Amino acid sequence: MSQNDNALPNNQMENGAEAPQDQAPEVQDQPKAPEVKPPVSPPVPDTTFLVTCVSVEGEHIKVPSHILSLSHVFKSVCESLGVDLGLDVLYADSPEEAVAEPNQAAELNQVAQAEPPLQNGNKEEHLENFDGEFPLGNIKADMFKKVVKWCEEHYGQPDPEKKINPKNFETIHFEFTPFEEKFLDVSVDELQEILMAANFLDIRSLYLYACQKAALMIMGKTQEQVRAEWGFPDDLTEADKEAIKKEYQWAFQDCK
């Protein structure tokens, strides 16, 4: 008899019991990834109406009033005219709490002519001409359409506030979203137009973010480079420049 004849089967032990089989490890349930909910769009007021905005070229551009409400100039004009923009819907905890007034857009022309002009800043100019059209001053049509895209993206968001680092007292930079990065990735000339439009319309988020972009573009450059790129006039004498460099030496340390 050969040794192979006395050998036990692979799955049988000497006492006759079957050897334990290799068992596959139990597959544990993997934790489910959290459900990503799409962003909730801010509610649109029931009182929204189309505003006819007039560019410097005379082009008429219609913009919903709730989008244009990012302009504090436009909001102030509407408040002075008694026009309800219905922005309470942005702050209500539930739709039932957002009670909108009847649409007053149809009365805009008559009210605008009856109200006396305001006496401060850009609002006076706008109010004197606000007879159903919203003048844009020196803002070009293409630039205003670009600004409207910013307003559409930021509608319903609070105005940003500048913050100071308490440790070094330096301004804390805003963090740009991909949209904001792309929006402000422009030439010096176009950024100047954005700043002018944001300042004229008092769109604070756009103005602050554009200022930060301008600061980043200027950082590390000499005054001559900045003047050449931004078109600033050189109205200082050599003595004035030397006095400034001496007084603010720290500001010129990184300039090469």
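Residues numbered from 1 in each chain as written. Predicted model: local features only at pLDDT ≥ 70, side-chain atom pairs only at ≥ 80, totals over all residues. Heavy atoms only, no water.

Okay, the overall build of the protein next. The helix and strand tally for the protein stands at 11 helices and 5 strands. Taking all 256 residues of the protein together, the buried fraction comes to 31%. Counted over contacts in the protein with a minimum sequence separation of 6, partners at least 24 positions apart contribute 61%. Total accessible area on the protein is roughly 17,900 Å²; 50% of this is exposed by carbon and sulfur atoms. (Helix = DSSP H or I, 4+ residues; strand = E, 2+ residues; numbered from the N terminus. Buried < 20%, exposed > 50% of the residue type's maximum accessible area, 1.4 Å probe, protein only. Contact = heavy atoms within 4.5 Å. Areas by Shrake-Rupley, 256 points an atom, 1.4 Å probe, with all protein chains shown as cover.)

Turning our eyes to something else, we now look at the environment of Phe-176. Residue position: Phe-176 is located in the loop between β5 (171-172) and α7 (178-183). Take Phe-176: its relative accessible area is 16%, and that puts it in the buried class. Among all residues touching Phe-176, those that are not within four sequence positions of it are Glu-181, Leu-184, Tyr-209, Gln-212 and Lys-213.

Let us look at helix α8 (residues 188-201). For α8, with 14 residues, the first-to-last C-alpha span of 20 Å sits near the 20 Å given by 1.5 Å per residue. Count one or two residues on from α8 and you reach Asp-202, which has phi positive near 55 degrees. (Expected span 1.5 Å × (residues − 1).)

Here the focus is the nonpolar core. Counting residues in each nonpolar core, the largest one holds 49 residues, and the members touching the most others are Phe-134, Phe-144, Leu-191 and Leu-201. Those elements that place two or more of their residues in this core are β1 (50-54), β2 (60-64), α2 (65-68), α3 (72-81), α6 (141-154), α8, α9 (204-218) and α10 (223-230). Among the elements that make up this core, the one with the highest residue count is α8 (8 residues). (Core = buried A, V, L, I, M, F, W, Y, C linked by side-chain atoms within 4.5 Å.)

The next thing to look at is a nonpolar patch on the surface. A contiguous nonpolar patch, built from Leu-236, Ile-244, Tyr-248 and Trp-250 and spanning about 400 Å² of accessible area, is present on the exposed surface. If you trace the backbone, Leu-236 turns up in the loop between α10 and α11 (238-247). According to the relative accessible area criterion, Leu-236 is partly exposed, its value standing at 32%. (Patch = residues over 30% accessible without salt bridge, like charges linked within 9 Å, V, L, I, M, F, W, Y side chains within 5 Å. Salt bridge = Lys/Arg side-chain N within 4 Å of Asp/Glu carboxyl O.)

This next bit is on the environment of Pro-160. Relative to the helices and strands, Pro-160 resides in the loop between α6 and β4 (163-164). The class for Pro-160 is buried, based on a relative accessible area of 18%. Between the alpha carbons of Pro-160 and Tyr-209 there is a distance of 8.9 Å; along the sequence they are 49 residues apart. Once residues within four sequence positions are removed from consideration, Pro-160 is found in contact with Phe-174, Ser-205, Leu-208 and Tyr-209.

It is worth spelling out unusual backbone geometry at this point. The phi dihedral of Asp-202 is positive, around 55 degrees, even though this residue is not glycine. Judged by its relative accessible area of 25%, Asp-202 is partly exposed.

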